[in-house]
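Fold and geometry: a report
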Amino acid sequence: MAKIRRDEVVSAALELLDVVGLDGLSTRRLAEKLGVESATLYWHFRDKSALLAEMASLVLTRHHTLDVPEDSADWPAWFADNARSFRSALLTYRDGALLHAGTTPNQDELARIVPKVAYLVRAGFSEPDAQMALLAAGQFTLGCVLEEQARDTGGASSDTDRNTAAAQPGSAISPIDPDVAFEFGLGLIINGLRNS
């Protein structure tokens, strides 16, 4: 029986995710990709949900790596960049937002969140407000990417449908670029935090 490492399983699962999406990702397909029996995967992960959580964590470890600066004077710029970094990480893989939705931060992720909270506290936030600000921005970002990726895979109305609707006489809705929508919403969050 071929021996595989835990990190090999997770990396292969992310590669497979890009090909088949979250709905198509199965332990059987993953085992085939790795050239092992399905039971071998359970040596590393007690069930599929544990594998998915590890995949979501690895996405952030690899792609959401923005440092926390010492100087907190320009916290709005860092706060925006942090949300953009999270968005970029979720967009790195097909169904990245769906993979991340509903996960609970593991110890490594919590260790990366603590300095962010401390940074906002240095900028003048209370600790509870700093935590809630990061949570609100994270949930907003996740929702934006969920919508964007659903449209990209046809889960929502297609670009053609939206463009047709926007082109109809009397229609006041134009297609909205997801980057523009994200930046607009992020700006609202930051302005709200500045004024709270």
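Computed from a prediction, not measured in an experiment: that's the story for all the values here. Here the residue index of a chain counts from 1 through its sequence in written order. For this predicted model, a pLDDT threshold of at least 70 governs which residues receive local features, and a threshold of 80 or more governs which side-chain atom pairs are given and counted, while totals over whole chains, interfaces and linings are taken from all residues. Think of the side-chain values as coming from all heavy atoms in the structure, minus any hydrogens and water.

Observations regarding helix H8 (residues 127-152)
Runs of E in the DSSP output that reach at least two residues are strands. Runs of H or I that reach at least four are helices, and both are numbered from the N terminus. Any helix carries an expected span of 1.5 Å times its number of residues minus one. The terminal C-alpha atoms of H8 lie 37 Å apart, and with 26 residues this matches the ideal 38 Å at 1.5 Å per residue to within 8%. Classification of residues uses two cut-offs on accessible area relative to the type maximum, computed with a 1.4 Å probe and protein chains only: under 20% is buried, over 50% is exposed, and between them is partly exposed. All of the buried residues in H8 are Ala-130, Ala-133, Leu-134, Ala-137, Gly-138, Thr-141, Leu-142, Val-145, Glu-148 and Gln-149. One side-chain oxygen at the N-terminal end of H8 lies 3.2 Å from the backbone nitrogen of Asp-129; it belongs to Ser-126. For this analysis, a polar contact is any N or O atom pair within 3.5 Å, provided that within protein one partner can donate a hydrogen and the other can accept it, and provided that sequence-adjacent residues contribute only side-chain to side-chain pairs.

Quick word on the packing of aromatic side chains
Aromatic contacts are taken between Phe, Tyr and Trp rings whose centres are within 6.5 Å, Trp giving its six-membered ring; a plane angle under 30 degrees counts as stacked, one over 60 as edge-to-face, and the others as tilted. Under the criterion given, the structure shown has four aromatic pairs. Relative to Phe-79, the ring of Trp-75 lies with its centre 6.2 Å away and its plane at 85 degrees, an arrangement referred to as edge-to-face. With Trp-75 and Phe-79 both in helix H5 (residues 75-91) and four residues apart, this pair spans about one turn of that helix. Residue Phe-79 is classed as buried on the basis of its relative accessible area of 2%. Ring centres 4.7 Å apart and planes at 55 degrees place the aromatic pair Trp-78 and Tyr-119 in the tilted group. Of this pair, Trp-78 sits in helix H5 while Tyr-119 is found in helix H7 (residues 107-122), placing the two residues 41 residues apart along the sequence.

Section: the environment of Ser-72
When you line up the elements, Ser-72 lands in the loop between helix H4 (48-63) and H5. Put simply, Ser-72 and Val-121 are 49 residues apart on the chain and 9.0 Å apart in space, counted from C-alpha to C-alpha. Other than its neighbours up to four places away in sequence, Ser-72 contacts Tyr-119, Arg-122 and Ala-123. We call two residues in contact whenever any of their non-hydrogen atoms come within 4.5 Å of each other.

Here's the deal with the packing of helix H1 (residues 6-24) against helix H2 (residues 27-34)
Put simply, H1 and H2 touch, their axes get as near as 10 Å, and they point 130 degrees apart. On the basis of the axis angle, H1 is oblique to H2. Handedness of the crossing formed by H1 with H2: right-handed. Between H1, through Glu-8, Val-9, Ala-12, Ala-13, Glu-15, Leu-16, Val-20 and Gly-24, and H2, the contact on the second element is made entirely by Arg-29, Leu-30, Lys-33 and Leu-34. Across the contact of H1 with H2, the residue classes break down as seven nonpolar, one polar and four charged. Structural elements are reduced to axes, namely lines fitted to C-alpha atoms, with helices fitted over the stretch in contact, and the angle between N-to-C directions of any two is expressed from 0 to 180 degrees. The cut-offs work like this: below 35 degrees is roughly parallel, past 145 is roughly antiparallel, 65 to 115 is roughly perpendicular, and the gaps in between are oblique. When the near helix sits turned anticlockwise from the far one by under a right angle, the crossing is termed left-handed; a clockwise turn instead gives a right-handed crossing. The classification used treats Ala, Val, Leu, Ile, Met, Phe, Trp, Tyr, Cys and Pro as nonpolar, Asp, Glu, Lys and Arg as charged, and all other residues, Gly among them, as polar.

Thoughts on the side chain of Glu-148
Secondary-structure assignment places Glu-148 in helix H8. Judged by relative accessible area, which is 11%, Glu-148 ranks as buried. Setting aside chain neighbours within four positions, we find Glu-148 in contact with Arg-87, Leu-91 and Pro-178.

A word on the nonpolar core
By convention a nonpolar core is built from buried Ala, Val, Leu, Ile, Met, Phe, Trp, Tyr and Cys residues, the set being connected through side-chain atoms within 4.5 Å. Counting 31 residues, the largest nonpolar core has Leu-14, Leu-30, Leu-51, Met-55 and Leu-99 as the members making the most contacts within it. At the level of elements, H1, H2, H4, H5, helix H6 (96-100) and H8 are the ones that each hand at least two residues to this core. With near-sequence residues (within four places) excluded, Leu-14 lies in contact with Met-55, Leu-58, Val-59, Arg-62, Tyr-93 and Leu-99. One finds Val-117, Leu-134, Phe-182 and Leu-186 within the second-largest nonpolar core, a separate group that totals 17 residues.

Digging into H2
Note on helix geometry: an α-helix contains 3.6 residues per turn, so any two residues three or four positions apart are oriented the same way. Taken as a whole, H2 has its buried residues at Thr-27, Leu-30 and Ala-31. What you see down the axis of H2 is that its buried residues fit within an arc of 100 degrees, all on one side. Buried residues belonging to H2 abut H1, helix H3 (38-44) and H4. Once H2 finishes, Gly-35 follows within two positions and takes phi at roughly 70 degrees, a positive value. The arc in question is the one traced by the directions running from the helix axis out to the C-beta atoms.

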